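Structural features, examined
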Amino acid sequence: MFKKLRFGKRFDQTLYLEEMTTMIDKAISRLQSEKPGFKIYTASIWTDPNAAASSINFDSKENSLNKVENSNKWNKKYYDQYLTEGDLAQAELFKANEGTRMCNPADFELRDFEEIIHKSFPENWESKTDGKCWKELEPALTKIGEIYFHKIKNVNVEEGFELSINSERDWYDKTWQ
């Protein structure tokens, strides 16, 4: 069963927004003091409702280009193999990334730069609700994205800066450019 939170709710959106604000403000402050020359090409904010944790990740354009190039080299051999075999559906899974942006926060230069364990919702929230938690979580996470896109873009960003948040569908889903 769910542990009761403040006000007896399963999800305390006010507390979640406070936790996220604290985490992201701390990350921006740390980035400016610890890595003043770092130019943000991509920022990614995610929340894992089963781990009751969130993270903010930053990537540079140089790292992103490098990761995309290496990924494309690795994918090419499988793409060519499946094309040769006539398996177009499998080949499609290994198609080259035509862009310059790495969209996997785990591959970012400053992955998990700042993290938080939430008190605003229980662990295993997604599992216990069969994913229905996203009806409450996704709007709150979107609100964070809308607020912090404007704050982060005024830090030290590359041309083409993008902010993403996760969703129940993907770790890198909704974006602001």
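Residues numbered from 1 in each chain as written. Predicted model: local features only at pLDDT ≥ 70, side-chain atom pairs only at ≥ 80, totals over all residues. Heavy atoms only, no water.

Comments concerning the overall build of the chain
Scanning the chain from terminus to terminus reveals 5 helices and 5 strands. Element order for the chain, N to C, with α for helix and β for strand: α-β-β-α-α-β-α-α-β-β. The dimensions of the chain, computed from C-alpha atoms along their principal axes, are 60 × 40 × 20 Å. Relative to its full complement of 177 residues, the chain shows a buried share of 44%. Carbon and sulfur atoms form 47% of the exposed surface of the chain, whose accessible area is close to 9,900 Å². Charge centroids of the chain, computed over 26 positive and 31 negative side chains, lie 5 Å from each other. (Helix = DSSP H or I, 4+ residues; strand = E, 2+ residues; numbered from the N terminus. Buried < 20%, exposed > 50% of the residue type's maximum accessible area, 1.4 Å probe, protein only. Areas by Shrake-Rupley, 256 points an atom, 1.4 Å probe, with all protein chains shown as cover. Lys, Arg positive; Asp, Glu negative; His and termini not counted. Charge placed at Lys NZ, Arg CZ, Asp CG, Glu CD.)

Topic: the pairing of strand β2 (residues 53–59)
For β2, a buried count of 7 out of 7 residues is recorded, marking the element as mostly surrounded by other parts of the structure. Residues Ala53, Ser55, Asn57 and Asp59 line one face of β2 and the alternating positions Ser54, Ile56 and Phe58 line the opposite face, and both faces are buried. Sheet analysis places strand β1 (residues 40–48) next to β2, joined by 7 bridges and oriented antiparallel. For Ser44, the partnering residue across the bridge sits in β2 and is Asn57. With 5 bridges connecting them, β2 and strand β3 (residues 110–117) associate as antiparallel partners. Across the sheet, residue Phe58 finds its bridge partner in β3, namely Leu110. (Pairing = 2+ DSSP bridges.)

What about the pattern of salt bridges?
Inspection of every chain in the model, using the stated rule, returns 9 salt bridges. For Glu69, the salt bridge identified is with Lys73, shortest N-O distance 3.3 Å. Taken together, the residues span about one helical turn, with Glu69 and Lys73 both in helix α2 (residues 61–85) at a distance of 4 residues. Here Lys73 falls in the exposed class, since its relative accessible area comes to 55%. Between Glu138 and Arg169 there is a salt bridge; the shortest N-O distance is 3.1 Å. Here Glu138 is found in helix α5 (residues 134–152), whereas its partner Arg169 is found in the loop between β4 (157–165) and β5 (174–176), with 31 residues between them in sequence. Judged by relative accessible area, Arg169 falls into the exposed class, the value being 57%. One connected set of salt bridges, linked through shared partners, spans Lys26, Arg30, Glu34 and Glu114. (Salt bridge = Lys/Arg side-chain N within 4 Å of Asp/Glu carboxyl O.)

Regarding the nonpolar core
Judged by nonpolar contacts, the single largest core of 34 residues is most densely connected at Tyr16, Ile45, Phe58 and Ile152. Mapped onto this core, the elements with two or more residues apiece are α1 (13–34), β1, β2, β3, α5 and β4. When sequence neighbours within four positions are dropped, the list of residues in contact with Ile45 reads Met20, Ile24, Ser55, Ile56, Leu141, Ile144, Tyr148, Leu163, Ser164, Ile165 and Asn166. (Core = buried A, V, L, I, M, F, W, Y, C linked by side-chain atoms within 4.5 Å. Contact = heavy atoms within 4.5 Å.)

Notes on the sheet that holds β2
Strands sit in the order β3-β2-β1-β4-β5 across an open sheet of 5 strands; the sheet is mixed. Edge strands, defined here as strands with exactly one partner in the open sheet, are β3 and β5. Here the average twist between neighbouring strands, direction ignored, is 20 degrees. Relative to the sheet, α1 contacts β1, β2 and β3, its axis offset from that of β3 by approximately 145 degrees. (Axes fitted to C-alpha atoms, helices over the stretch in contact; angles between N-to-C directions.)

Quick notes on α1
When the terminal C-alpha atoms of α1 are compared, their 31 Å separation across 22 residues agrees well with the 32 Å that a helix rising 1.5 Å per residue should span. What α1 keeps buried is the set Leu15, Tyr16, Leu17, Glu19, Met20, Met23, Ile24, Ala27, Ile28 and Leu31. For α1, the secondary structure elements touched by its buried residues are β1, β2, β3 and α5. By the N-cap criterion, in which a side-chain oxygen at the helix start approaches the backbone nitrogen of a residue two or three places on, α1 is capped by Asp12, the distance to Thr14 being 3.3 Å. (Expected span 1.5 Å × (residues − 1). Polar contact = N/O pair within 3.5 Å; in protein donor to acceptor, adjacent residues only side chain to side chain.)

Here's the deal with the environment of Lys76
The topology assignment puts Lys76 in helix α2. For Lys76, a relative accessible area of 48% puts it in the partly exposed group. Considering only alpha carbons, one finds Lys76 and Ala96, 20 residues apart in sequence, at a separation of 7.0 Å. Among the polar contacts listed, one links the side chain of Lys76 to the side chain of Asp80, at a separation of 2.7 Å.

The quantities given are spatial measurements derived from coordinates; they are silent on function.
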